[in-house]
Amino acid sequence: MTEDMNVQAEVIAIIDDLFMEDVSDMMDEDLFDAGVLDSMAVVELVVALENKFAIKVPVSEMGRDDWNTADKIVEGVKELRNA
Amino acid sequence: MTQWLENLPNWQPYGDPTYFGYLLLGLIPIVIGLLYGRRFQVYEALFSFTFILLMFSGSKWVQFYALIGYIVWQLMLIFGYQHYRKKADQGWVFYSAIFLSILPLILVKIHPVFNHGKMSIIGFLGISYLTFKVVAMLMEMRDDVLKDLRVWPVTRFLLFMPTLSSGPIDRYRRFEADYTTAPERSVYLDYLQSATWNIMLGFFYKFIVAYYINLYLLIPFKHAALSQGGLFNLPTIGVMYAYGFYLFFDFAGYSLFAIAISKFMGINTPINFNKPFLAKNLKEFWNRWHMTLSFWFRDYVFMRFVLMMTRHKVFKNRNVTAGVAYMVNMLLMGFWHGLTWFYILYGFLHALGLIVNDWWLRQKKQKNRARKKAGLEPLPSNWFTNAVAIFITFNFTMFTFLVFSGFLNQLWHH
């Protein structure tokens, strides 16, 4: 559980660090619609997540349906860590 | 075989209302089957084959052989690469496969430049759209998200009749999921309803609006502009708007047909246009205009290029990375349209526009953050600012379509 909490906190911190946006109160919101993410930003985010969590995110999976909310990103990272 | 092919009539996809008559007649068994949750695969294949054959029959028979050769070539590449990918994953093999799959398209694009505009004999209607499908598949195979492909499903995806000639560009995994599970009756009934509506709207767009824009605006404006001559004149502005709207109604109309026929066949082909002239900025425009093409370039060119540059830390500044990636992406799209100065300039202008657009969005974000800190309201965003944004975006895109149309080439060199 603490592990999971960490992933969430880290993801929020990375987004804040990269894009200067605090998403902690909008975990379920579409980050593309909110103007936080675009195609460029999602790639930067992926690279940062890969470095932080020592995972490899398949590029083909970075679609706007799978990685569009902070919650989904947290879930995605957890899945890839357990894979 | 050749003589038989030559003697057949030639039916261009969605060319005229009678075409729809035959198409809908041929669709009846498929529709009945799907209403009962069944796909008649053999019938569907025969139906598709017949209409594809008629696209390339008559005087276009050479293209039929070109298509067959092309499909065999791409299948060899896909399954050759799949065989290799099971054992290894070297960059140069992947890049070679990509190069070889684009090679026919490159030859077809280069050929007219050196042969007085004559088309290459290996070209056929739809070659570029097929290339997009294959390249995407190879990339997803490298990512290991596409595996255990079989010849028949891949062929069926590549040769899906409704979208063969000009898209929308579908993705293999999405298409295959639709194909293997016949839609539930309630879903399929919705498909039928939206398909009927799409065909009616498509008729209105293509055979009425686009037709009359061309007849009563575009052609007269062109005549007037050409007779006035010079570098630029007032009727050329008329050509600009008339062509922009003509292009939209013609292509959006075609796309609606392709989507409708897909839906009759139980395939939810993605949409291509979503009110593009209401976009508030250029980035949004590309989420609304020729969407399957723009998303293809976004996913398979832009994002992968950014990823490569970010991983290797090519540029320190992220805005430089984005700018370079926009240039590569849009110039490539320009080249894809054809090797003429106006297509390439069209790509260049859009890249430039996207860079400026990004810069503007950054400025706005920074200003608003500073204002928030200072306890001020964010910059105004209301109906007026939106209207101004739509106006600027609309006129910029219309200007790029004038470039794209090649009319300036005609005006300056006639």
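Residues numbered from 1 in each chain as written. Chains lettered and ligands numbered in written order. Predicted model: local features only at pLDDT ≥ 70, side-chain atom pairs only at ≥ 80, totals over all residues. Heavy atoms only, no water.

- An unreviewed UniProt entry annotates chain B as Teichoic acid D-alanyltransferase originating from Weissella minor.
- Here chain B is described in UniProt, under the heading Pathway (unreviewed entry), as follows: "Cell wall biogenesis; lipoteichoic acid biosynthesis."
- Looking at chain B in UniProt, the text filed under Subcellular location (unreviewed entry) is "Cell membrane". (UniProt positions renumbered as here; feature names shortened; annotations may be inferred.)

1. Considerations on the confidence of the model for chain A
Inference 1: Of the residues in chain A, 93% reach a pLDDT of 70 or more, and the chain-wide mean stands at 86.
Inference 2: The secondary structure element of chain A with the lowest average pLDDT is helix α1 (residues 2-19) of chain A, at 85, and the one with the highest is helix α2 (residues 39-53) of chain A, at 90. (pLDDT = per-residue confidence, 0-100. Helix = DSSP H or I, 4+ residues; strand = E, 2+ residues; numbered from the N terminus.)

2. Describing the interface of chain B and chain A
Inference 1: Listed by partner, the interface residues are 20 residues for chain B and 20 residues for chain A.
Inference 2: Counting each side, the surface lost to burial between chain B and chain A is near 1800 Å², with a carbon and sulfur contribution of 57%.
Inference 3: Of all residues in chain B, Met-303, Arg-311 and Arg-318 of chain B give up the largest surface area on contact with chain A, accounting jointly for 31% of the area buried on that side.
Inference 4: If you look at where chain B meets chain A, you find four salt bridges.
Inference 5: With a closest N to O distance of 2.6 Å, Arg-318 of chain B and Glu-44 of chain A form a salt bridge.
Inference 6: Our count for the chain B to chain A interface comes out at four residue pairs in polar contact (both at pLDDT 80 or more).
Inference 7: The set of elements that each furnish at least two residues to the side of chain B that touches chain A consists of α12 (291-311), α13 (318-337) and α14 (341-373) of chain B.
Inference 8: By residue number, the principal contributor to the side of chain B that touches chain A is α12 of chain B, which donates eight residues.
Inference 9: Grouping the constituent residues of the side of chain B that touches chain A by class yields six nonpolar, three polar and 11 charged. (Contact = heavy atoms within 4.5 Å. Buried area = accessible area lost by both parts, 1.4 Å probe. Salt bridge = Lys/Arg side-chain N within 4 Å of Asp/Glu carboxyl O. Polar contact = N/O pair within 3.5 Å; in protein donor to acceptor, adjacent residues only side chain to side chain. Nonpolar A, V, L, I, M, F, W, Y, C, P; charged D, E, K, R; others polar.)

3. A word on helix α15 (residues 383-405) of chain B
Residue and element names in this part refer to chain B.
Inference 1: The end-to-end C-alpha distance of α15, which contains 23 residues, comes to 32 Å, matching closely the 33 Å that a straight helix rising 1.5 Å per residue would cover.
Inference 2: By the burial criterion, the buried members of α15 are Thr-393, Phe-394, Asn-395, Thr-397, Met-398, Thr-400, Phe-401, Leu-402, Val-403 and Phe-404.
Inference 3: Turning to α15, the residues buried within the fold contact α10 (234-264), α11 (282-286), α13, α14 and α16 (407-413).
Inference 4: Near the N-terminus of α15, the side chain that reaches the backbone nitrogen of Phe-384, with its oxygen 3.0 Å away, is that of Asn-382.
Inference 5: A positive backbone phi angle near 80 degrees is found at Gly-406, which sits one or two residues after α15. (Expected span 1.5 Å × (residues − 1). Buried < 20%, exposed > 50% of the residue type's maximum accessible area, 1.4 Å probe, protein only.)

4. With respect to the packing of helix α5 (residues 91-114) of chain B against helix α6 (residues 127-142) of chain B
Residues and elements named next belong to chain B.
Inference 1: It is the contact of α5 with α6, at a shortest axis distance of 10 Å, that shows an interaxial angle of 175 degrees. By the angle between their directions, the pair α5 and α6 is classed as roughly antiparallel. Facing α5, whose interface residues are Gly-91, Phe-94, Ala-97, Ile-98, Ser-101, Ile-102, Pro-104, Leu-105 and Val-108, α6 presents Ile-127, Ser-128, Thr-131, Val-134, Val-135, Leu-138, Met-139 and Arg-142.
Inference 2: In terms of residue class, the contact of α5 with α6 is built from 12 nonpolar, four polar and one charged. (Axes fitted to C-alpha atoms, helices over the stretch in contact; angles between N-to-C directions. Parallel < 35°, antiparallel > 145°, perpendicular 65-115°, else oblique.)

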